Amino acid sequence: MDKVNILGAHIDKVNIEQASDKIIEMIENGEKCKYVFTPNSEILMRAYRDKEFCDILNTAALLTADGIGVVYAAKILGSPIEERCAGFDTACRLMEKMAQKGMSLYLFGSKPGVADKARDIILEKYKGIQVVGCADGYFDAEKEEQIVADINDKKPNVLFVCLGAPKQEKWIYDHRNELEVNVCLGIGGTIDVISGNTERAPDFYIRHNIEWLYRLVKQPSRIGRMMDLPKFGFTVLLHGKKYK
Ligand code: UDP
């Protein structure tokens, strides 16, 4: 598959359609615990600073460009990506395809009760999909063991892991050899958005590539994290070409 190296992370040049098809293919091939991460600029900036984390990202079966910053970076590096392939959008397209095939899903992450709410909405919207389990994302060692046992008992085709970055990527990586699932997706606030607990930016912001601005206005506490956005742009401009 065609990839672009952005500050050390090997991003797949796939659109939402191709990414969701690829995941369905992994399920149909009976793969064991393949995983998909959807890094945005903030996460790629973290990976640039933290080689170990970057190596974890690069073990994914699919690494998609979540965020317009990543799409611009690929363009700057002369290896454009056709469109943003955000975790939330990929998950929605994937659930449509899973529904047609009666495939199963497990929701892991977000605050207590939120995944249950999301499950009801998913069952209503994606008729045919099986949501075989839910667990919130706040756990101690004992609860974590129970969650893993429950996942392995249910053996879902797909596991959504929504613990925020970099926690979810590290969690999936640490558990990759024990999870009895076909594919895991590390997709941040997706369960929150599906449940209606967090609003996705209105279409206007998404179409004009300023979803980040909407999130900042809604959650001003993100300002510290978001400073990584301009830093990411400068770093790609200054050092991006060294990564080939
Ligand atoms: N979360 C969780 N466990 C934790 C920390 C966070 O389940 O220990 C959840 C949190 O409730 C939220 C999601 O992870 O649903 C993080 O969402 P956010 O939009 O911040 O994701 P990011 O932008 O970091 O990918």
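Only a predicted model underlies this, so the values are computations on that prediction, with no experimental measurement involved. (Residues numbered from 1 in each chain as written. Predicted model: local features only at pLDDT ≥ 70, side-chain atom pairs only at ≥ 80, totals over all residues. Heavy atoms only, no water.)

Asks: When you look at helix H11 (residues 211–218) in this model, what are you seeing that I'm missing?
Replies: Helical periodicity: at 3.6 residues per turn, an α-helix aligns residues three or four positions apart in one direction. All buried positions along H11 are accounted for by Glu211, Tyr214 and Leu216. In the core, the buried residues of H11 are packed alongside helix H10 (203–207) and helix H12 (223–226). (Buried < 20%, exposed > 50% of the residue type's maximum accessible area, 1.4 Å probe, protein only. Helix = DSSP H or I, 4+ residues; strand = E, 2+ residues; numbered from the N terminus. Contact = heavy atoms within 4.5 Å.)

Asks: Mind showing me how you'd approach the pattern of salt bridges here?
Replies: Pairing of side chains with opposite charge becomes possible as their charged atoms draw close. Per the counting criterion, the structure on display carries 20 salt bridges. Salt-bridge contacts for glutamate 17 lead to arginine 93; the nearest nitrogen and oxygen are separated by 2.8 Å. Here the residue glutamate 17 occupies a position in helix H1 (residues 16–28), and arginine 93 occupies one in helix H5 (residues 87–101), the gap between them amounting to 76 residues. Arginine 84 is paired through a salt bridge with aspartate 66; the nearest N and O atoms lie 3.3 Å apart. Note that arginine 84 is positioned in the loop between helix H4 (68–76) and H5 and aspartate 66 in the loop between strand E4 (62–63) and H4, a separation of 18 residues in sequence. In this structure aspartate 66 comes out as buried when scored by relative accessible area, which is 17%. Linked through salt bridges whose partners overlap, the residues forming this network are Glu17, Asp21, Arg93, Glu96 and Lys97. (Salt bridge = Lys/Arg side-chain N within 4 Å of Asp/Glu carboxyl O.)

Asks: What should I look at first to understand the packing of aromatic side chains in this one?
Replies: How two aromatic rings sit relative to each other is set out by the distance from centre to centre and by the angle between their planes. Inspection of the entire model under this criterion finds six aromatic pairs. Between tyrosine 48 and tyrosine 243, the ring centres sit 6.5 Å apart and the planes meet at 65 degrees, which makes this aromatic pair edge-to-face. A residue pair is termed long-range when its members are at least 10 positions apart, and tyrosine 48 in helix H2 (residues 41–49) and tyrosine 243 in the segment after helix H13 (228–239) qualify at 195 residues. For tyrosine 48, a relative accessible area of 29% corresponds to the partly exposed category. When its relative accessible area of 28% is taken as the criterion, tyrosine 243 is described as partly exposed. Taken together, Phe108, Phe139 and Trp171 form an aromatic cluster joined through their ring pairs. Its end group placed over the ring of phenylalanine 139, lysine 167 keeps NZ or CZ at 5.1 Å from the ring centre. Geometry around tyrosine 173 places arginine 176 over its ring, the cationic atom sitting 3.8 Å from the centre. (Phe/Tyr/Trp six-rings, centres within 6.5 Å; stacked < 30°, edge-to-face > 60°. Lys NZ or Arg CZ within 6 Å of the ring centre and 35° of its normal.)

Asks: I would appreciate a short explanation of the nonpolar core in the present structure.
Replies: The tendency in soluble globular proteins is for nonpolar side chains to be buried as a group. Formed by 42 residues in total, the largest nonpolar core has its most connected members in Ile6, Ile11, Phe108, Leu159, Trp171 and Leu179. When residues of this core are assigned to their parent elements, the largest contribution, five residues, is made by H4. Those residues within four positions of phenylalanine 108 in sequence are excluded, and the remaining contacts are Ala135, Asp136, Gly137, Phe139, Ile147, Leu159, Phe160, Val161, Cys162, Leu163, Trp171 and Ile191. Grouped together as the second largest cluster of nonpolar side chains are 35 residues, Val36, Ala99, Ile129 and Ile187 included. (Core = buried A, V, L, I, M, F, W, Y, C linked by side-chain atoms within 4.5 Å.)

Asks: When you look at unusual backbone geometry in this model, what are you seeing that I'm missing?
Replies: Glycine aside, residues mostly have negative phi, and peptide bonds are mostly found in the trans state. Going from alanine 165 to proline 166, the amide bond is cis rather than trans, its omega being 5 degrees. Mapped onto the fold, proline 166 is located in the loop between strand E7 (158–162) and helix H8 (167–174). Positive phi, close to 45 degrees, is recorded for lysine 155, a residue that is not glycine. The topology assignment puts lysine 155 in the loop between helix H7 (141–154) and E7. Overall, the relative accessible area of 47% leaves lysine 155 in the partly exposed class.

Asks: What is the right way to look at the packing of H4 against H13 in this model?
Replies: How two helices pack is summed up by the angle between their axes together with the distance between the axes. Axis separation between H4 and H13 bottoms out at 10 Å; the angle between their running directions is 15 degrees. Judged on the interaxial angle alone, H13 and H4 are roughly parallel. Crossing hand, H4 versus H13: right-handed. Where H4 abuts H13, its residues Gly69, Val70, Ala73 and Ile76 lie against Phe232, Val236 and Leu237. In the contact of H4 with H13, the residues fall into six nonpolar, one polar and no charged. (Axes fitted to C-alpha atoms, helices over the stretch in contact; angles between N-to-C directions. Parallel < 35°, antiparallel > 145°, perpendicular 65-115°, else oblique. Left-handed = near helix turned anticlockwise from the far one by under 90°. Nonpolar A, V, L, I, M, F, W, Y, C, P; charged D, E, K, R; others polar.)

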